[in-house]
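What follows is each chain in one-letter form.
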Amino acid sequence: MKKTKKMMTGVVASLFTFSMTACSSSDSRPKKPDTDECKDWDWDEETQTYYCDDSSSHRSGYFYYGGRWFSNKSALQQSSSYKSYKNSSKFKSGIGSGTKGSFGG
């Protein structure tokens, strides 16, 4: 019984470490925008960009990419620079990303 518990603890610890390493997307994310117009940024998994979550800002709800503000997701996705980014290797693809691609992209 003691060996089984020790083995299971090791397996769980290994899986946790692997999942934290494999799924940690913050390492590959671009830096948060540095602008006085927004103080609270959140990451949007679908677009792989930041959006302003600062309710006191007139930019609240806006997406920010390539030095430009976009009032909504649709406007962002129409941008030629965003389209280039989405088709590049920098754009995360794979399981859970909402895009087609290879595992772990």
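Residues numbered from 1 in each chain as written. Predicted model: local features only at pLDDT ≥ 70, side-chain atom pairs only at ≥ 80, totals over all residues. Heavy atoms only, no water.

Under an unreviewed UniProt entry, the protein has the name Lipoprotein and belongs to Priestia endophytica.

Caption draft 1: Region of interest: the nonpolar core. Cys38, Trp41, Cys52, Trp69, Leu76, Tyr82 and Tyr85 are the most contacted members of the largest nonpolar core, which totals 13 residues. Elements with a minimum of two residues in this core: strand S1 (41–44), strand S2 (49–52), strand S3 (63–65), strand S4 (68–70) and helix H3 (80–86). (Core = buried A, V, L, I, M, F, W, Y, C linked by side-chain atoms within 4.5 Å. Buried < 20%, exposed > 50% of the residue type's maximum accessible area, 1.4 Å probe, protein only. Helix = DSSP H or I, 4+ residues; strand = E, 2+ residues; numbered from the N terminus.)

Caption draft 2: Representation of the pairing of S2 in the model. Of the pairings in the sheet, the one linking S1 to S2 comprises four bridges and is antiparallel in character. Considered in S2, the bridge of Trp43 is made with Tyr50. Between S1 and S2, which follow one another and run antiparallel, lie four residues, and Gln48 among them has a positive phi close to 60°. Here S2 runs beside S3; their pairing, made up of two bridges, is antiparallel. Across the sheet, residue Tyr50 finds its bridge partner in S3, namely Tyr64. (Pairing = 2+ DSSP bridges.)

Caption draft 3: The sheet that holds S1, seen in detail. The strand order across the open sheet formed by four strands is S1-S2-S3-S4, and the pairing between neighbours is antiparallel. Single-partner strands in this sheet number two, and they are S1 and S4. Across the sheet, the mean angle from the axis of one strand to that of its neighbour is 40°, orientation sign disregarded. (Axes fitted to C-alpha atoms, helices over the stretch in contact; angles between N-to-C directions.)

Caption draft 4: Structural view of the state of the cysteines. Counted according to the given criterion, the structure contains one disulfide. Through a disulfide, Cys38 is tied to Cys52; the S-S separation comes to 2.2 Å. Torsion about the S-S bond of the Cys38 and Cys52 cystine: about 100°, corresponding to right-handed handedness. Placement of Cys38 in the loop between helix H1 (2–23) and S1 and of Cys52 in strand S2 is noted, with a sequence separation of 14 residues between them. (Disulfide = S-S within 2.5 Å.)

Caption draft 5: Examining the environment of Ser79 more closely. Tracing the backbone through its elements, the reader meets Ser79 in the loop between helix H2 (73–78) and H3. Of the residues examined, Ser79 reaches a relative accessible area of 6% and is grouped as buried. Linking Ser79 and Gly66, residues 13 residues apart in sequence, is a C-alpha distance of 9.9 Å. Once residues within four sequence positions are removed from consideration, Ser79 is found in contact with Arg68 and Phe70. At a separation of 3.0 Å, a polar atom in the side chain of Ser79 contacts the side chain of Ser81. (Contact = heavy atoms within 4.5 Å. Polar contact = N/O pair within 3.5 Å; in protein donor to acceptor, adjacent residues only side chain to side chain.)

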